[in-house]
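# Tertiary structure, described
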Amino acid sequence: MLSNLCQRLDSGRAVIGIVGLGYVGLPLLLRFSEAGYKVLGLDIDPGKCDKINAGQSYIAHISAAAVAAARAAGSEATTDFARAAQADALIICVPTPLNRHREPDLSYVINTVEALAPHLRSGQVLSLESTTYPGTTDEELLPRIEKTGLTVGRDFFLVYSPEREDPGSKNFSPRNIPKVIGGHTPACLEAGRALYGRAIDTLVPVSSTRAAEMTKLLENIFRSVNIALVNELKVLCLRMGIDIHEVIRAATTKPFGFMAFHPGPGLGGHCIPIDPFYLTSKAREYDIATRFIELAGEVNTAMPYFVVQRVMEALNEQGRALKGAKVLLLGAAYKKNVDDDRESPSYKLMELLQEKGAEVSYNDPHIPALRPGRKYDFGLTSTPLTEHNLAAADCILLATDHDAYDPDFILKHARLIVDTRNVFPPSGDQTGKVYPA
């Protein structure tokens, strides 16, 4: 069974099923298609499936030409999960958010596995890529698969391989980002290596699915803790009259022992604001308090509140209250040059500003309208960045440093700018309009 599966995967004759066609799933679909496989996309959203089947993209940094090429090569998308039986490999890329108590919500993963279970067959390999706590693959996927009568490690193969997607990156793509793989058994690991070996340049096998799950969490906790550190130092440096960005630039000249992290208005994206709490929750089962992780979360969660306080102080210096003030927020995406607004701190900023009575609008060249989400539904569309709209705002709050923004144009026409991204360095501001935050 294993030998036949690996031969199909190695030769490119296998059908690859990608379950969940979002920011992780769609790039994977395209990569496996480029590697010569026929790819079957599965998603509960018929709109995504229709666009793929029409050769269109619904993610800004992914070209329609790339989707059309995959379609021409035989790839397709469907909402019919019964077709999972046609795939030799199934890769699950669905969200793993937190619930309102900031505890792991595995409902997307569990619902997906239960939807696939009736259609699983011997000779398949299933890989979970969604970020989660160590033990999820063993504790949640394994029993649901074996309930179908399949024996994992003998006639069905189970893998955990965390996604490492960097949306909008010009340097990294699914092909050249090393792929960590853990199998439930040695045979499962062999199937996982065959699954990814043709499509990904570098594979990093580890001893178990739990080790692979922990690897992903370590990567994101490392970033969360260091971002919290530099955010906390930013607050101190502002109080002390020191430019934190100048300090970071100077520190990066040390050729060893230092890695630059940059402060901002809060954490965004699907990974860093969420993934660390998957480990803190699991750690409680072992009577371990993950104090560094939780403290970093507290610092980063507090940043939007700090930014709003800076907006209040900046307006106050101009004799203006925040209540009733017109605030134009620049950037709804969580990072520059993408249309990805998952967990974007901009939404928390808007909420806090509205709560304090501000009249809030936004501009984002990549997000023409704010989509309803689990937490927020502002119903706003992007305000054109014109001379009139800049001048009409009592405060411009720069939350995302998109390359499309022209700093000189904004500085010329804005009355007041609160800058969370160092786009307008204080040392270069001769106008007195810029207020760092």
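Residues numbered from 1 in each chain as written. Predicted model: local features only at pLDDT ≥ 70, side-chain atom pairs only at ≥ 80, totals over all residues. Heavy atoms only, no water.

## Some words on the sheet that holds strand β11 (residues 395-398)
Spelled out, the test is: Criterion used throughout: strands pair if DSSP finds at least two bridges between them. Runs of H or I in DSSP of at least four residues are treated as helices and runs of E of at least two as strands, each being numbered from the N terminus. For every element, the axis is a line fit to its C-alpha atoms; helices are fit only across the contacting stretch, and the angle between N-to-C directions ranges from 0 to 180 degrees. Only heavy atoms enter the contact rule, under which two residues are in contact if any of them lie within 4.5 Å.
Reading across from one edge, β10-β9-β11-β12-β13 is the order of the five strands in this open sheet, with parallel pairing throughout. On the outer flanks of this sheet lie β10 (359-363) and β13 (434-436), each paired with one strand and no other. With strand direction ignored, the average angle separating the axes of adjacent strands in the sheet is 25°. Relative to the sheet, helix α11 (residues 291-317) contacts β11, β12 (417-419) and β13, its axis offset from that of β13 by approximately 150°.

## What to know about the nonpolar core
Defined as follows: As used in this record, nonpolar core signifies buried Ala, Val, Leu, Ile, Met, Phe, Trp, Tyr and Cys residues forming a set joined through side-chain atoms within 4.5 Å. Exposed residues in this analysis have more than 50% of their type's maximum accessible area, buried residues have under 20%, and partly exposed residues fall in between, with area computed by a 1.4 Å probe over protein chains only.
Counting 68 residues, the largest nonpolar core has L9, I16, I18 and F32 as the members making the most contacts within it. In terms of residue count, the dominant contributor to this core is helix α7 (residues 186-197) (seven residues). Residues in contact with F32, not counting those within four places in the same chain, are I16, I18, Y37, V39, I91, L195, Y196 and A199. Residues M303, M350, L352 and Y362 belong to the second largest nonpolar core, which totals 33 residues.

## Some details on the sheet that holds strand β8 (residues 203-206)
If you walk across this open sheet you meet the eight strands as β3-β2-β1-β4-β5-β6-β7-β8, and the pairing is mixed. Two strands bound the open sheet, and with one partner strand each, they are β3 (76-78) and β8. For this sheet the average axis-to-axis angle between neighbouring strands, irrespective of direction, equals 25°. Taken together, the three bridges between strand β2 (residues 38-42) and β3 define a ladder with parallel strand orientation. Looking across to β3, one finds that L42 is bridged to T78. In the packing of helix α2 (residues 25-34) onto the sheet, the strands contacted are β1 (15-19), β2 and β4 (89-92), and the crossing angle to β1 comes to about 170°. Those strands touched by helix α5 (residues 107-116) are β1, β2, β4 and β5 (124-128), and its axis lies near 160° from that of β4.

## Examining the layout of surface pockets
Put simply, the test is: Here a cavity denotes a set of grid points, spaced 1 Å apart and computed over the protein atoms alone, in which a 1.4 Å probe fits but from which it cannot get out, and a pocket denotes an open set meeting protein on both sides within 12 Å along at least five of seven lines; residues with an atom within 4 Å of a point are reported as lining. Grid points are joined across faces, edges and corners, and a volume is the space filled by probe spheres set on the points. Three classes are used, and their members are as follows: Ala, Val, Leu, Ile, Met, Phe, Trp, Tyr, Cys and Pro are nonpolar, Asp, Glu, Lys and Arg are charged, and the others, Gly among them, are polar.
Its boundaries defined by the atoms lining it, the second largest pocket holds a volume of some 280 Å³. Taken together, 17 residues line the second largest pocket, and the ones lying closest to its centre are P27, L30, I62, S173 and P174. At four residues, the largest contribution of residues to the lining of the second largest pocket is made by α2. Split by residue class, the lining of the second largest pocket holds seven nonpolar, five polar and five charged.

## Thoughts on helix α3 (residues 46-53)
Basically, it comes down to this: Polar contacts, as counted here, are pairs of nitrogen or oxygen atoms within 3.5 Å of one another; within protein the pair requires one atom able to donate a hydrogen and one able to accept it, and residues that are adjacent in sequence qualify only if both atoms are side-chain atoms.
One side-chain oxygen of the residue at the start of α3 lies 2.8 Å from the amide nitrogen of G47, identifying that residue as D45. Directly beyond the C-terminal end of α3, a positive phi value near 70° is found at G55.

## Some words on the environment of G266
Note on placement: G266 falls in the loop between α9 (244-251) and α10 (275-284). Spatially, the C-alpha atoms of G266 and V434 are 20 Å apart, while their sequence positions differ by 168 residues. Every residue in contact with G266, bar those within four places of it in the chain, is listed here: N300, M303, P304 and P345.

## Describing the pattern of salt bridges
How we decide: The term salt bridge refers to a side-chain nitrogen of Lys or Arg lying within 4 Å of a carboxyl oxygen of Asp or Glu.
Going through the model one piece at a time under the given rule, you end up with 24 salt bridges. Close ionic contact of D403 with K336 constitutes a salt bridge, the shortest N to O distance being 3.3 Å. Of this pair, D403 sits in the loop between β11 and α14 (407-413) while K336 sits in the loop between β9 (326-330) and α12 (345-355), placing them 67 residues apart in sequence. Look at D403 and you get exposed, because its relative accessible area is 53%. One connected set of salt bridges, linked through shared partners, spans D138, E139, R210, K282 and E285.

## Things to note about the packing of aromatic side chains
Rules: Two aromatic rings, drawn from Phe, Tyr or Trp (for Trp, its six-membered ring), form a pair once their centres lie within 6.5 Å of each other, and the interplanar angle then sorts them: stacked below 30 degrees, edge-to-face above 60, tilted otherwise.
Under the criterion given, the structure shown has seven aromatic pairs. Between F222 and F261, the aromatic rings sit 5.7 Å apart at their centres with planes inclined by 65°, giving edge-to-face as the arrangement. Here F261 lies in the loop between α9 and α10 and F222 lies in helix α8 (residues 209-240), a separation of 39 residues in the sequence. Taking relative accessible area as the criterion, F222 reaches 39% and is therefore assigned partly exposed. Ring-pair connections join several aromatic residues into one group, and the members of that group are F32, Y37 and Y196.

## A closer look at the pairing of β10
Short version of the rule: A crossover counts as right-handed when, viewed with the strands pointing away from the observer, the path leading from the first strand over the helix to the second turns clockwise.
The pairing of β9 with β10 spans five bridges and is parallel. Within β10, the residue paired with L330 across the bridge is N363. Crossover handedness for the path β9 to α12 to β10: right-handed.

## Remarks on empty space enclosed by the protein
With the rule as written, the count across this model stands at one cavity of 30 Å³ or more. For the largest cavity, the calculated volume is near 120 Å³. Residue lining of the largest cavity: V24, L28, E129, P162, E163, R164, E165, P174, I177, K179 and I200, and that is the complete set. Within the lining of the largest cavity, the residues separate by chemical class into six nonpolar, no polar and five charged.

## Section: a nonpolar patch on the surface
Here is the rule: Patch rule: a residue counts if its relative accessible area is over 30% and it has no salt bridge; like charges are joined within 9 Å, and nonpolar side chains (Val, Leu, Ile, Met, Phe, Trp, Tyr) within 5 Å. Computed with the Shrake-Rupley method and a 1.4 Å probe, the accessible areas treat only the protein chains shown as cover for residues.
There is a patch of nonpolar side chains on the surface, built from L229, L233, L236, M240, I242 and V247 and spanning about 510 Å² of accessible area. In this structure L229 comes out as partly exposed when scored by relative accessible area, which is 47%.

## Observations concerning the packing of helix α6 (residues 136-146) against α8
Selection criterion: Should an angle fall under 35 degrees it is called roughly parallel, over 145 degrees roughly antiparallel, and 65 to 115 degrees roughly perpendicular, with every other angle called oblique.
Two numbers describe how α6 lies on α8: the axes approach to 8 Å, and their chain directions differ by 120°. If you check the angle between α6 and α8, you find them oblique. Side by side, α6 and α8 meet where T136, T137, D138 and E139 of the first sit next to T209, R210 and E213 of the second. Here the contact of α6 with α8 is built from residues that sort into no nonpolar, three polar and four charged.

## Concerning helix α1 (residues 2-11)
Spelled out, the test is: Think of the arc as the fan of directions from the helix axis to the C-beta atoms.
Within α1 the residues assigned to the buried category are L2, L5, C6 and L9. For α1, the angular spread of buried residues about the axis comes to 95°, placing them on one side. Structurally, α1 contributes buried residues whose contacts are with β1, β4, β5, β6 (156-160) and α7.

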